[in-house]
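# Survey of secondary and tertiary structure
If you want the building blocks of each chain, they are given just below.
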Amino acid sequence: MASLRGKHGYFESCSTYTDKENYFLVDSRYEIIRVLGKGSYGVVCSAIDTKSLSTGLEHKIAIKKVTKIFTKDILLVRAIRELKFMKFFKGHKNVRLAL
């Protein structure tokens, strides 16, 4: 567990995950299980929302870490397109955007 200081003070504690090539720093409510895949500009991992465990349900989620999008114009265009899709699906029970 770690703590990060943001511009408005301290965030809640964070959880980290590291394997040979990837490093994730996420809110402590998420427990990262494993890396699912790698693409041209990011890595996707599988995680469990630990707050959902208190309700008796296990919510599995995917977390995408976006990197290297400023190295090529096409990667930036794809990332923007993906964010537009996320905005379009905003409010759907299966889609959550956390920046």
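### A look at the environment of Leu-25
- Here Leu-25 lies in strand 4 (residues 23–27).
- For Leu-25, a relative accessible area of 35% translates into the label partly exposed.
- For the pair formed by Leu-25 and Ser-15, sequence separation is ten residues and the distance between their alpha carbons is 5.8 Å.

### Points about the side chain of Ser-46
- Mapped onto the elements of the fold, Ser-46 is located in strand 6 (residues 42–49).
- With relative accessibility at 12%, the residue Ser-46 sits in the buried group.
- Residues contacting Ser-46, with those up to four places away along its chain left out, are Glu-31, Ile-32, Ile-33, Arg-34, Leu-36 and Ile-61.

### Examining the pairing of strand 5 (residues 30–38)
- When strand 5 meets strand 6, the two strands line up antiparallel, connected through seven bridges. Within strand 6, the position partnered with Lys-38 by the bridge is Val-43.
- A loop of three residues connects strand 5 with strand 6, the two strands running antiparallel in sequence.

### Observations regarding the packing of aromatic side chains
- Applying the stated criterion across every chain yields a total of one aromatic pair.
- Their ring planes at 80° and their centres at 5.1 Å tell us that Phe-88 and Phe-89 sit as a pair that is edge-to-face.
- When its relative accessible area of 65% is taken as the criterion, Phe-88 is described as exposed.
- A cation over a ring is seen here: Lys-65 above Phe-24, with NZ or CZ 5.6 Å from the ring centre.

### Quick notes on the pattern of salt bridges
- Using the criterion set out here, one finds two salt bridges in the structure.
- In this structure, the salt-bridge partner of Asp-49 is Arg-29, at a minimum N-O distance of 2.6 Å. Of this pair, Asp-49 sits in strand 6 while Arg-29 is found in the loop between strand 4 and strand 5, placing the two residues 20 residues apart along the sequence.
- A relative accessible area of 7% places Asp-49 in the buried class.

### A short note on the sheet that holds strand 7 (residues 59–66)
- Across the sheet, which stays open at both edges, the three strands sit in the order 5-6-7 with antiparallel pairing between neighbours. Two strands bound the open sheet, and with one partner strand each, they are strand 5 and strand 7. Each strand axis lies, on average, 30° off the axis of its neighbour in the sheet, ignoring direction.
- Across eight bridges, the pairing between strand 6 and strand 7 is antiparallel. Considered in strand 7, the bridge of Ile-48 is made with Lys-60.

Calculation notes
- Residues numbered from 1 in each chain as written.
- Predicted model: local features only at pLDDT ≥ 70, side-chain atom pairs only at ≥ 80, totals over all residues.
- Heavy atoms only, no water.
- Helix = DSSP H or I, 4+ residues; strand = E, 2+ residues; numbered from the N terminus.
- Buried < 20%, exposed > 50% of the residue type's maximum accessible area, 1.4 Å probe, protein only.
- Contact = heavy atoms within 4.5 Å.
- Pairing = 2+ DSSP bridges.
- Phe/Tyr/Trp six-rings, centres within 6.5 Å; stacked < 30°, edge-to-face > 60°.
- Lys NZ or Arg CZ within 6 Å of the ring centre and 35° of its normal.
- Salt bridge = Lys/Arg side-chain N within 4 Å of Asp/Glu carboxyl O.
- Axes fitted to C-alpha atoms, helices over the stretch in contact; angles between N-to-C directions.

Keep in mind that these numbers describe shape and distance, not what the molecule does.
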